[in-house]
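# Examination of the molecular architecture
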Amino acid sequence: MVGGGSIGVGWAIVFARAGHDTTVYEPEAPRRRILIEEVEVRLGELETFGLLDEAPAEIVSRLTVTGDLSETLDGAAHVQECAPESLPLKIGLFEKMDAGADTTTTLASSSSTLTISDIAGGLTGRARCLLAHPGNPPYLIRVVELAPAPFTDPETVDSARELFAGAGMLPISVHQEIDCLVFNRLQGALLREALLLVRDGVIAPDDLDLLVSEGLARRWSVIGPLAVAELNTRGGIVAHAGFMGLAYGRIGLERGQEDPWESDVVRQVAEALESRFPSSCRDDQVLWRDRELMRLERDRRNRAKPPGR
């Protein structure tokens, strides 16, 4: 890990928990002094919830913290850059990583808003570079977006996918370099609308958060929004688009965005969903969804309230 902030610590837990010897490079001495303790606290919480297969001390024993970048790069199979979201900083780090790491080492950035072309486009070894963007914290949010540049070697992507999957992550392929990737675009779309609804006096902030956490998020924790539309309506997402598509289009126009639901895209999505949710089995699938929600509800009734509530 190149950078020992919250994302660097999160990735260190992911890889050390998966059995990998893991080194974290952190240039700030005060941060280095508390990093292992922070990892131990996180691992203690994971152990409390039964989410570790071995004792925290065993996991920590695989972890090294250093202020020497060359020590971090020496012998590494994979380097995960986790520095602050500054393009000049990341370019400088990747130049050092490219020069100091073995030529077979994969170089990945955790960046949320930059592309790997921005960061590594000028490097001699750019073919082994890609984005590997996690949710936060990655030891609990298992998805990682793999976003190569046009110059990235496909074998680099395959190698990264195998590494992350072996560490318990769910690699998601992003097929084009786009601003903010997919995770943050979806998150940003909801957050933009949420802020506008609060601005316009439609709903209070607390009620909006409650509506999402107790409503939309419950369903999305079982299946994604496209699958929700497929199972919520007889006839699937095609039928859903038939009676809700115009309304969603009007909402977009209110916000100055003209993106009508195009029938060919809806059909494309419907065809993809059919392989996971065959229409002939809809009743069984709806029952499965409801049972999953029931399991969540059973567990949520015993959950602790957040601090301050």
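Residues numbered from 1 in each chain as written. Predicted model: local features only at pLDDT ≥ 70, side-chain atom pairs only at ≥ 80, totals over all residues. Heavy atoms only, no water.

## Here we look at the nonpolar core
Counting 29 residues, the largest nonpolar core has Trp11, Ile13, Val39, Leu43, Val144 and Phe164 as the members making the most contacts within it. Contributing elements (two or more residues each) for this core: α1 (6-17), α2 (29-48), α3 (56-60), β5 (129-134), β6 (143-148) and α7 (154-166). Here this core gets seven residues from one element, more than from any other, and that element is α1. Sequence-distant contacts of Phe164, defined by excluding residues within four places in its chain, comprise Trp11, Phe15, His78, Gln80, Ala132, Val144, Leu146, Met169 and Pro171. Membership of the second largest hydrophobic core comes to 24 residues, among which are Leu73, Ala83, Cys129 and Ala149. (Core = buried A, V, L, I, M, F, W, Y, C linked by side-chain atoms within 4.5 Å. Buried < 20%, exposed > 50% of the residue type's maximum accessible area, 1.4 Å probe, protein only. Helix = DSSP H or I, 4+ residues; strand = E, 2+ residues; numbered from the N terminus. Contact = heavy atoms within 4.5 Å.)

## Observations regarding the packing of aromatic side chains
In total, this model carries four aromatic pairs according to the counting rule given. Summarising the aromatic geometry, the rings of Phe15 and Phe164 are spaced 5.8 Å apart at their centres and angled 45 degrees between planes, so their arrangement reads as tilted. Taken as a pair, Phe15 in helix α1 and Phe164 in helix α7 lie far apart in primary sequence, 149 residues in all. A single burial state applies to Phe15 and to Phe164, both of which are buried. (Phe/Tyr/Trp six-rings, centres within 6.5 Å; stacked < 30°, edge-to-face > 60°.)

## Describing the pairing of strand β4 (residues 106-109)
The two faces of β4 match: Thr106 and Ala108 on one face and Leu107 and Ser109 on the other face are all buried. Handedness of the crossover joining strand β3 (residues 78-81) and β4 through helix α5 (residues 87-100): right-handed. (Right-handed = clockwise from strand over helix to strand, strands pointing away.)

## Overview of the sheet that holds β4
Note on sheets: strands pair through backbone hydrogen bonds, and any given pair is parallel or antiparallel. Read across the sheet, five strands follow the order β3-β4-β5-β6-β7 without closing on themselves; strand pairing throughout is mixed. Looking along the sheet, the strands with just one partner apiece sit at the ends: β3 and β7 (170-173). Strand-to-strand twist of the sheet, defined as the mean angle between neighbouring strand axes without regard to direction, takes the value 30 degrees. Of the strands in this sheet, β3, β4, β5, β6 and β7 are in contact with α7, which crosses β6 at around 170 degrees. (Pairing = 2+ DSSP bridges. Axes fitted to C-alpha atoms, helices over the stretch in contact; angles between N-to-C directions.)

## Some points on the packing of helix α11 (residues 236-254) against helix α12 (residues 263-276)
Remark: α11 packs on α12, axes separated minimally by 8 Å, with the N-to-C direction vectors making an angle of 150 degrees. Between α11 and α12, the interaxial angle falls into the category roughly antiparallel. Contacts between α11 and α12 pair Ile237, Val238 and Ala241 from the former with Val266, Val269, Ala270 and Leu273 from the latter. (Parallel < 35°, antiparallel > 145°, perpendicular 65-115°, else oblique.)

## Describing the side chain of Glu81
Relative to the assigned elements, Glu81 resides in strand β3. For Glu81, the side chain forms a polar contact with the side chain of Ser109, separated by 2.5 Å. (Polar contact = N/O pair within 3.5 Å; in protein donor to acceptor, adjacent residues only side chain to side chain.)

## So, the packing of helix α10 (residues 225-232) against helix α13 (residues 282-300)
Interaxial distance between α10 and α13 falls to 10 Å at its minimum, and their mutual angle equals 125 degrees. Taken as axis vectors, α10 and α13 run oblique relative to one another. Relative to α13, α10 is oriented so that their crossing is left-handed. Where α10 approaches α13, its residues Glu230, Leu231 and Asn232 are matched on the opposing element by Arg282, Gln285, Val286 and Arg289. Split by residue class, the contact of α10 with α13 holds two nonpolar, two polar and three charged. (Left-handed = near helix turned anticlockwise from the far one by under 90°. Nonpolar A, V, L, I, M, F, W, Y, C, P; charged D, E, K, R; others polar.)

## Remarks on the pairing of β7
Taken together, the four bridges between β6 and β7 define a ladder with parallel strand orientation. When the bridges of β7 are listed, Val143 appears paired with Leu170. Following the backbone out of β6, through α7 and into the adjacent parallel β7, one traces a crossover that is right-handed.

## Here's the deal with α11
The terminal C-alpha atoms of α11 lie 27 Å apart, and with 19 residues this matches the ideal 27 Å at 1.5 Å per residue to within 8%. At Met244, α11 shows its maximal bend, which comes to roughly 55 degrees. Considered for burial, the residues of α11 that qualify are Gly236, Ile237, His240, Ala241, Gly245, Ala247, Gly249 and Gly252. Just beyond α11, the residue with positive phi is Gly256, at close to 75 degrees. (Expected span 1.5 Å × (residues − 1). Bend = angle between axes of the 7 residues up to and from the residue.)

## Side note on the pattern of salt bridges
Applying the stated criterion across every chain, the model contains 18 salt bridges. For the salt bridge of Glu38 with Arg42, the shortest nitrogen-to-oxygen distance reads 3.8 Å. Of this pair, Glu38 and Arg42 both sit in helix α2, separated by four residues, roughly a single helical turn. Connected through salt bridges with shared partners, the residues Glu214, Arg218, Glu297, Arg300 and Arg301 form a single ionic network. (Salt bridge = Lys/Arg side-chain N within 4 Å of Asp/Glu carboxyl O.)

Purely geometric numbers; function is a separate question.
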